[in-house]
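Residue strings, one per chain:
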Amino acid sequence: MSLLTLRGLSVRHGDRVAVHPTDLEIGPGELVGLVGPNGAGKSSLMRGALGLARAGGESSLAALPAPARARAAAWLPQAREIAWAVTVETLVGLGRHPLRAPGAPLSGADRSAIAGAMARMDIAGFADRPATELSGGEQARVLIARALAQQAPLTLADEPAAGLDPAHQLACMGAFADLAAEGRAAVVSLHDLGLAARFCTRLVMMAGGRVVADGAPDAVLTADRLREVYGIETFLTRADGALVVQPMTLSRP
Ligand SMILES: Nc1ncnc2c1ncn2[C@@H]1O[C@H](COP(=O)(O)OP(=O)(O)OP(=O)(O)O)[C@@H](O)[C@H]1O
């Protein structure tokens, strides 16, 4: 079973090719880290897959009618600023919107999904505060909670851990790992290779608009590949059964 199938998906911004034709399949149980340098095409790939950027080729998600697409996938874009002065709880509740009949009151399932997502992102204490009056990292956690509340089969998140303190980065990645463990799937773009190595079941590395590696974190994050793709020297070790990745220096040209 596939939750997302891309066949020859390509994305251009004007004359610039952001993503060359790419095939990708995401199945239940996967937490896929999308890694690669700035400008590699990670956001463009996700936006193309969701039908938010004009794309060539095929995406199983983009092919769905809008209401079915909204139920099939939750999307957490990179921009984290909240412009609406609604309460945190109301904003998280918007994640349930695709699942509810227009004007219907919140069901028990809605309330429990909202409460669970707020607890998960440690924002229950802010429930009644206007979302605009929170710090940047707190707003980011509210938006992650909104995506979690949707309980979609697939969640795509663009740099969800950016701007979070270490504890909340771990909580955020733990929440995505749990989605995968529950038989859903998530695709998250990440610049923190340590988090990617520790939490993801699979890494897809992009560079120059192409997938250059796809596999288990140990297979993808090798010293040679990190030198080639990022131009960095990396300290790699293992702890608690997982790869630990620490970028150390820029490689010599
Ligand atoms: N709106 C746009 N107009 C023109 N070019 C764009 C636009 N958005 C992205 N690009 C270009 O497309 C390429 C891929 O960008 P994209 O945002 O997908 O990369 P990314 O891997 O998500 O980068 P980052 O890690 O910096 O967020 C880059 O060369 C970028 O300059």
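Per an unreviewed UniProt entry, the protein is named Iron complex transport system ATP-binding protein, and its organism is Albimonas donghaensis.

Student: It is not clear to me how the UniProt feature "domain: ABC transporter" (unreviewed entry) in the protein should be interpreted in this structure. Could you clarify?
Tutor: UniProt's feature table lists "domain: ABC transporter" (unreviewed entry) at residues 4-233, given in the numbering used throughout. Split by type, residues 4-233 is 37% helix and 26% strand. Its first and last C-alpha atoms lie 34 Å apart.

Student: Any chance you could explain the sheet that holds strand β7 (residues 185-189) here in plain terms?
Tutor: One open sheet holds the six strands; their spatial order is β5-β6-β7-β3-β8-β9, and the pairing between them is mixed. One side of each edge strand has no neighbouring strand; the edge strands of this open sheet are β5 (73-76) and β9 (210-215). Neighbouring strand axes in the sheet, compared pairwise and without regard to direction, differ in orientation by 15° on average.

Student: Which parts of the structure should I look at to understand the nonpolar core?
Tutor: Soluble, globular proteins show a tendency: their nonpolar side chains are buried together. Judged by nonpolar contacts, the single largest core of 77 residues is most densely connected at A145 and F176. Among the elements that take part in this core, helix α5 (residues 136-149) stands out by supplying eight residues, more than any other. Aside from chain neighbours lying at most four places away, what touches A145 is V92, A117, M118, R120, M121 and I123.

Student: Mind showing me how you'd approach the sheet that holds strand β1 (residues 4-13) here?
Tutor: Across a sheet, paired strands are connected by hydrogen bonds in the backbone, their directions being either parallel or antiparallel. In spatial order, the strands read β2-β1-β4; together these three strands make up an open sheet with antiparallel pairing. Edge positions in the sheet fall to β2 (16-26) and β4 (55-59), since each has one partner strand and no second. Strand-to-strand twist of the sheet, defined as the mean angle between neighbouring strand axes without regard to direction, takes the value 10°. Summarising the sheet, β1 and β2 pair through seven bridges and their orientation is antiparallel. Paired with T5 across the two strands is E25, which belongs to β2. The sheet strands contacting helix α1 (residues 42-50) are β1, β2 and β4, and the helix crosses β1 at an angle near 115°.

Student: Even after reading the chapter, I still don't get the environment of V229, so can you show me in this structure?
Tutor: Position of V229 among the secondary structure elements: in helix α9 (residues 223-230). V229 sits 192 residues away from P37 along the chain, and the two C-alpha atoms are 7.5 Å apart. Setting aside chain neighbours within four positions, we find V229 in contact with G36, P37, M205, A207 and V212.

Student: What is the right way to look at the packing of helix α4 (residues 108-120) against α5 in this model?
Tutor: For any two helices packed against each other, the geometry comes down to the angle between their axes and how far apart the axes lie. Taken N-terminus to C-terminus, the directions of α4 and α5 make an angle of 140°; their axes are 8 Å apart at the nearest point. Classified by the angle between their axes, α4 and α5 sit oblique to one another. When the axes of α4 and α5 are compared, the crossing they make is right-handed. Note on element contacts: α5 touches α4 through A145, L148 and A149, opposite A113, I114, A117, M118 and R120. Taken together, the residues that form the contact of α4 with α5 break down as seven nonpolar, no polar and one charged.

Student: Can you walk me through the confidence of the model for the protein in this structure?
Tutor: Predicted confidence across the protein gives a mean pLDDT of 94, with 100% of residues reaching 70 or more. Note on the complex model: pTM 0.95, ipTM 0.97.

Student: I'm lost on the site of the ligand in this one. Help?
Tutor: Around the ligand sit H13, G14, R16, A18, G36, N38, G39, A40, G41, K42, S43 and S44, and those are all the residues in its vicinity. Breaking the shell around the ligand down by element, the ones donating at least two residues are β2 and α1. When residues of the shell around the ligand are assigned to their parent elements, the largest contribution, three residues, is made by α1.

Student: Just to check I follow, could you spell out α1 for this structure?
Tutor: Given 3.6 residues per helical turn, the α-helix brings residues three or four places apart onto the same face. Among the nine residues of α1, nine are classified as buried, and the element is accordingly described as predominantly covered. Where α1 is concerned, the buried positions are K42, S43, S44, L45, M46, R47, G48, A49 and L50.

Conventions and cut-offs
- Residues numbered from 1 in each chain as written.
- Predicted model: local features only at pLDDT ≥ 70, side-chain atom pairs only at ≥ 80, totals over all residues.
- UniProt positions renumbered as here; feature names shortened; annotations may be inferred.
- Helix = DSSP H or I, 4+ residues; strand = E, 2+ residues; numbered from the N terminus.
- Pairing = 2+ DSSP bridges.
- Axes fitted to C-alpha atoms, helices over the stretch in contact; angles between N-to-C directions.
- Core = buried A, V, L, I, M, F, W, Y, C linked by C-beta atoms within 7 Å.
- Buried ≥ 20, exposed ≤ 12 C-beta atoms within 10 Å, placed from the backbone.
- Contact = placed C-beta atoms within 7 Å.
- Parallel < 35°, antiparallel > 145°, perpendicular 65-115°, else oblique.
- Left-handed = near helix turned anticlockwise from the far one by under 90°.
- Nonpolar A, V, L, I, M, F, W, Y, C, P; charged D, E, K, R; others polar.
- pLDDT = per-residue confidence, 0-100.
- Near = placed C-beta within 6 Å.

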